[in-house]
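One-letter residues, chain by chain:
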Amino acid sequence: MEKLDTISRDILNFIDAHDNYLITAHMNADGDAYASCLAMAYYLNTRGKKFRIVLNDERPDEKYQFLWGWQYVEQYSPENSYAFDAAIVLDVPSLKRIGEPAKLLPERQHCVKIDHHPYEDNFAAIQLVDTQASSTSQLVYEVLSRSEMTWNLDIATLVFTGIMYDTGRFSFSNTRARDFEIAARLVPYGIKPHDIANRVFFSYSLQSMKVIGYGLANMESHLDGKLAIIFIPYAVLKENPEAEIEELANYSVALRTVEVGLFVREPEPGFFKVSFRSKGRANVNRVARAFGGGGHEHAAGCRLKSSYPELKQQLIEEVGRELQRITTPVE
Ligand SMILES: [Mn+2]
């Protein structure tokens, strides 16, 4: 707690000492990345600071447009000109996973990092990194609740949405008492949890549902039912380019017998994105790292070029090794 007080104070002083901010997060921004970026933007705005939120992603995820400050989210473009004297980098442990906007970071002593992923790059002089935190939005709450900012429905919705997203509606293994405490403080500002849940988790197009259905209908079980794989090939994605199917990652680990679930998609022929989910015992961060990716112990990802049969075989082998590790008694 004392450490949190000190780092929060450092971050708030840092913000008062600079004027013109880059805010960025990991590529393929999710609910926590958007919410934590916008919550910091909200605070900077109350302090009269200039900021731009620059992300790697081609298309922002429109379902988050109900959030305060949505209009500030922009895509990096080499044709734009950028000039920042400071940066706040959220929900991302490495320069690689920021993508193109990593080029825009000022020197280390003018960067702040707030994150809950296992530590990777040392690009910020001031760092609030806590892998026990459910979400970066929770950490942003810890900082902003130590500021003089007046809380209202807008900022409360941002923090609540980020925590709700990253905890899977307060149900994933990262959910802590602290998340319920914060939620209990935020809801009285007028938040309607069911409304945010509907916007974030239940706002599919029919097309998306059909692709999710394809994924479920073709789900495979391996390693005695301990591994499930859902694969959406390029041909299906090409037919349904707008489909929102990320929930398939969570379905991959929803089978009763499963320890590890994989959701594999092929956005370009021969290029694959893999989401790894653990039901609790397997460390999928370790598995994802074997493929050049990473993330959290119970949720991770990677992207790579391969052919599907070859990739599938390697994934099964690597998950098999991790399952071996968790079932071998330590003497
Ligand atoms: Mn996060």
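Residues numbered from 1 in each chain as written. Predicted model: local features only at pLDDT ≥ 70, side-chain atom pairs only at ≥ 80, totals over all residues. Heavy atoms only, no water.

### Details of the side chain of Arg265
Along the chain, Arg265 falls in strand β9 (residues 260-268). A polar atom in the side chain of Arg265 sits 2.8 Å from the side chain of Glu246. In terms of polar contacts, Arg265 uses its side chain to reach the backbone carbonyl oxygen of Phe263, at 3.3 Å. Apart from residues no more than four positions distant in its own chain, Arg265 is found in contact with Ile232, Leu237, Glu246, Phe271, Phe272, Lys273, Val274 and Ser275. (Helix = DSSP H or I, 4+ residues; strand = E, 2+ residues; numbered from the N terminus. Polar contact = N/O pair within 3.5 Å; in protein donor to acceptor, adjacent residues only side chain to side chain. Contact = heavy atoms within 4.5 Å.)

### Observations concerning the sheet that holds strand β6 (residues 126-129)
Strand order in the open sheet formed by six strands is β3-β2-β1-β4-β5-β6, with parallel pairing between adjacent strands. Sheet topology places β3 (73-75) and β6 at the edges, where each strand pairs with a single neighbour. When strand polarity is set aside, the average angle formed by the axes of neighbouring strands in this sheet is 20 degrees. Examined bridge by bridge, strand β4 (residues 86-90) and strand β5 (residues 111-115) share four bridges and lie parallel to one another. Counterpart to Ile88 in the pairing with β5 is Val112. This element, helix α2 (residues 31-46), spans β1 (20-25), β2 (50-55), β3, β4 and β5 of the sheet and lies at about 165 degrees to β1. On top of the sheet, helix α4 (residues 136-144) reaches β4, β5 and β6; it is set at about 120 degrees to β5, its chief contact. (Pairing = 2+ DSSP bridges. Axes fitted to C-alpha atoms, helices over the stretch in contact; angles between N-to-C directions.)

### Some points on the domain arrangement of the chain
Where the parts come together, the accessible area they lose is often given as the size of the interface. The domain architecture assigned to the chain consists of domain 1 (2-201) and domain 2 (206-327). Counting residues at the interface gives 14 residues for domain 1, matched by 14 residues for domain 2. Between the two partners, domain 1 and domain 2, sit three salt bridges. Put simply, Glu242 and Arg59 hold a salt bridge, and the shortest N to O gap is 3.2 Å. Counting across the interface, domain 1 meets domain 2 through five residue pairs in polar contact (both at pLDDT 80 or more). Here the residues of the side of domain 1 that touches domain 2 are counted per class, giving three nonpolar, four polar and seven charged. (Domains from an automatic or database assignment. Salt bridge = Lys/Arg side-chain N within 4 Å of Asp/Glu carboxyl O. Nonpolar A, V, L, I, M, F, W, Y, C, P; charged D, E, K, R; others polar.)

### Digging into the environment of Gly215
Take Gly215: it is sitting in helix α8 (residues 206-217). Here Gly215 falls in the buried class, since its relative accessible area comes to 0%. The sequence separation of Gly215 and Tyr251 amounts to 36 residues, and the corresponding C-alpha distance is 9.5 Å. With near-sequence residues (within four places) excluded, Gly215 lies in contact with Ile230, Ile232 and Leu248. (Buried < 20%, exposed > 50% of the residue type's maximum accessible area, 1.4 Å probe, protein only.)

### Focus: the coordination of the manganese ion
Looking at the manganese ion, one finds its protein donor set to be Asp32 (OD), Asp91 (OD), His116 (NE2) and Asp166 (OD), positioned 2.2 to 2.3 Å from the metal centre. Expressed as a motif, the donor residue spacing for the manganese ion is D-x58-D-x24-H-x49-D. With a gap of 25 residues between them, Asp91 in the loop between β4 and α3 (95-98) and His116 in the loop between β5 and β6 connect regions that are remote in the sequence. Among the residues examined, Asp91 registers a relative accessible area of 2% and is labelled buried. (Donors = N, O, S within 2.8 Å, 3.2 Å for Na, K, Ca; no water.)

### Some points on the layout of surface pockets
Roughly 230 Å³ of volume is contained in the second largest pocket. Leu4, Asp130, Ala133, Gln138 and Leu139 are, among the 13 residues lining the second largest pocket, the residues nearest its centre. Of all elements in the fold, only α1 (2-17), β6 and α4 reach the threshold of two or more residues within the lining of the second largest pocket. In terms of residue class, the lining of the second largest pocket is built from six nonpolar, two polar and five charged. (1 Å grid on protein atoms, 1.4 Å probe; cavity = no way out; pocket = protein on both sides within 12 Å on 5 of 7 lines; lining within 4 Å. Points joined across faces, edges and corners; volume = space filled by probe spheres on them.)

### Quick look at the packing of aromatic side chains
All chains considered together, the criterion is met by 16 aromatic pairs. One aromatic cluster is present, formed by Tyr42, Phe51, Trp68 and Tyr72 through successive ring pairs. Taking the ring centre of Tyr119 as reference, the NZ or CZ of Lys113 above it sits at 4.4 Å. (Phe/Tyr/Trp six-rings, centres within 6.5 Å; stacked < 30°, edge-to-face > 60°. Lys NZ or Arg CZ within 6 Å of the ring centre and 35° of its normal.)

### Let's talk about the pairing of β4
Counting buried positions over the five residues of β4 gives five, a clear majority of the element. Burial along β4 is two-sided: the residues Ala86, Ile88 and Leu90 and Ala87 and Val89 are all buried.

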